[in-house]
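What follows is each chain in one-letter form.
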Amino acid sequence: MKIVDARVVLTSPGRNFVTLRVETDEGVTGLGDATLNGRELAVVGYLRDHVVPLLLGTDPHRIEDTWQSLYRGAYWRRGPVTMAAIAAVDVALWDIKAKVAGLPLYQLLGGASRERVRTYGHASGRDLPELFDSIRARLAEGYPAIRVQTGVPGLERVYGVHHLSAGHGVTPDGARPVVEDWDTGAYLRSLPGVFDAVRQEFGPELVLLHDAHHRLTPIQAARLGKDLEPYDLFWLEDCTPAENQDGLRLVRRHTTTPLAIGEVFNTVFDYQTLVGEQLIDYVRSAVTHFGGVSPLRKLFDFAAQHQIKSAIHGPEDISPVGMAAAIHLDLAIHNFGIQEYAGHTALTHEVFPHAYTFTDGYLHPGEAPGLGIELDEELASAHPYEPAYLPINRLQDGTIHDW
Ligand code: EZ4
Ligand code: CO
């Protein structure tokens with residue numbers, strides 16, 4: 001079997017997605033997600049100009065060899081652009097192999113370790129009444145766990161809060177990031193009270209999470225973790241910009257609030273200290289940004305040795321192709337923790353028809369051979385790429401702050 005064609009499809013059915021389609025001489029095709037939010041065109045160029053020419057004529061069954069060739073052969077290792085591109089190839093080849101086998105991908109990964117995949121959804125509000133309404137809406141949709149984000153007193157625009165965030169939208173002046181506000185002191189003072197109110201309203205059993213979005217120093221994160229202990233969070237996410245892995249030692253010494261990190265990481269080397277010293281409880285990397293199913297499976301096996309579980313990143317900017325790959329892994333691995341699931345627009349589901357299902361807060365990859373996902377290229381081409389950036393945030397004196 002040989003790869004005879006591969007092409008990159010860029011579409012924006014509500015937001016931008018980068019998809020690789022690999023075609024073989026036997027007519028079997030595979031799909032992979034390479035979406036890198038706000039830097040999509042860099043991955044398109046990397047794939048189209050530097051990866052596709054290397055794939056032509058090769059055997060699609062040699063997934064590991066292809067992965068190692070793209071990773072080692074480039075000389076320039078790691079980085080989000082490279083690893084998103086390699087991820088798309090890896091996933092497309094797994095899709096092809098599983099289709100040839102006539103099996104859903106999870107069967108090739110060892111078969112199901114559970115019947116369904118637990119998810120968490122997002123709730124947010126400018127104030128407590130709006131937050132409570134949002135939590136009730138997620139509960140009505142069946143979500144068994146909920147990430148809670150709120151406004152911060154004194155700040156006008158805050159990321160992750162539906163009515164306050166500038167979101168990921170196209171800006172009128174031609175794709176410049178919208179500026180949001182940040183004040184760490186105000187945030188640290190207000191958040192424990194928010195969780196106190198949520199516990200009083202919804203009781204002790206509701207599974208609650210929170211994303212600090214890399215905004216704290218280790219000592220600030222340590223304080224927040226301690227302050228949140230009475231509210232029994234499932235996890236505190238991205239408490240620091242964790243490329244400084246050593247800083248997590250300090251956080252860990254001070255709090256028993258479980259920690260989740262890794263949505264911006266792209267190789268196992270970002271996790272060596274965090275996992276090796278058991279400084280976190282959940283690894284957050286996505287198939288799409290970590291080089292694919294092959295390396296993420298290895299990360300989960302490494303994490304399992306340290307009693308750390310999976311928590312694959314699942315925002316709207318992971319395409320349904322990346323989501324499908326995640327759900328197959330979630331079903332197969334033993335040390336599954338939880339799957340983030342933000343869902344997609346109705347049009348996105350039309351552009352990417354899929355076998356996976358979301359029922360009562362739980363996902364299942366379905367039984368279609370391969371990933372169980374298709375791409376309607378005609379519909380995709382009717383919704384072309386639109387320049388868009390994630391917002392940035394600045395302190396009140398104008399200093400740019402960590403994400
Ligand atoms: O900001 O996916 O946990 N989820 C998140 C997301 C990320 C976006 C970045 O592209 O933090 O909302
Ligand atoms: Co996050």
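Description of the structure in this document.

Here's the deal with the overall build of the protein
Secondary structure assignment for the protein yields 13 helices and 15 strands. The C-alpha atoms of the protein give a radius of gyration of 21 Å, which matches the 22 Å a tight globule of 403 residues would have. Each of the three principal axes of the protein carries a C-alpha extent, and together these read 60 × 50 × 45 Å. Burial status across the protein gives 57% buried among its 403 residues. The long-range fraction of contacts in the protein, counting pairs at least 24 apart against all pairs at least 6 apart in sequence, stands at 71%. Summed over all atoms, the accessible surface of the protein reaches about 16200 Å², with 51% contributed by carbon and sulfur. The distance from the centre of the 34 positive side-chain charges to the centre of the 52 negative ones in the protein is 5 Å.

Quick look at helix H5 (residues 128–140)
Here H5 contains 13 residues, and its C-alpha end-to-end distance of 18 Å stays within 8% of the 18 Å for a straight helix at 1.5 Å per residue. Those residues of H5 that sit buried are Glu130, Leu131, Phe132, Ser134, Ile135 and Arg138. Of the residues flanking the start of H5, the one acting as N-cap is Asp127, its side-chain oxygen 3.0 Å from the backbone nitrogen of Glu130. Of the residues one or two after H5, Gly142 is the one with positive phi, at around 100°.

Quick notes on the coordination of the cobalt ion (ligand 2)
Around the cobalt ion (ligand 2), the protein supplies Asp211 (OD), Glu237 (OE) and Glu263 (OE) as donor atoms, at distances of 2.0 to 2.1 Å. Between consecutive donors of the cobalt ion (ligand 2), the numbers of intervening residues give the motif D-x25-E-x25-E. Separated by 52 residues along the polypeptide, Asp211 in strand E7 (residues 207–211) and Glu263 in the loop between strand E9 (259–261) and helix H9 (272–276) bring together distant segments of the chain. Judged by its relative accessible area of 3%, Asp211 is buried. Classification of Glu263 as buried rests on a relative accessible area of 11%.

A short note on the pattern of salt bridges
A side chain of one charge can pair with a side chain of the opposite charge when the charged atoms of the two come close. This model, assessed by the stated rule, comprises 23 salt bridges. Two residues, Arg48 and Asp49, come together in a salt bridge whose shortest N-O distance is 3.1 Å. Of the residues examined, Asp49 reaches a relative accessible area of 43% and is grouped as partly exposed. In this structure, the salt-bridge partner of Arg147 is Asp211, at a minimum N-O distance of 3.2 Å. One end of the pair, Arg147, is in strand E5 (residues 145–150); the other, Asp211, is in strand E7, with 64 residues separating them in the sequence. Here Arg147 and Asp211 have matching classes, each one buried. Among the charged side chains, a salt-bridge network with shared partners connects Arg147, Asp211, Glu237, Glu263, Arg284 and Glu340.

What counts and how
- Residues numbered from 1 in each chain as written.
- Chains lettered and ligands numbered in written order.
- Predicted model: local features only at pLDDT ≥ 70, side-chain atom pairs only at ≥ 80, totals over all residues.
- Heavy atoms only, no water.
- Helix = DSSP H or I, 4+ residues; strand = E, 2+ residues; numbered from the N terminus.
- Rg over C-alpha atoms; globule rule 2.2 N^0.38 Å.
- Buried < 20%, exposed > 50% of the residue type's maximum accessible area, 1.4 Å probe, protein only.
- Contact = heavy atoms within 4.5 Å.
- Areas by Shrake-Rupley, 256 points an atom, 1.4 Å probe, with all protein chains shown as cover.
- Lys, Arg positive; Asp, Glu negative; His and termini not counted.
- Charge placed at Lys NZ, Arg CZ, Asp CG, Glu CD.
- Expected span 1.5 Å × (residues − 1).
- Polar contact = N/O pair within 3.5 Å; in protein donor to acceptor, adjacent residues only side chain to side chain.
- Donors = N, O, S within 2.8 Å, 3.2 Å for Na, K, Ca; no water.
- Salt bridge = Lys/Arg side-chain N within 4 Å of Asp/Glu carboxyl O.

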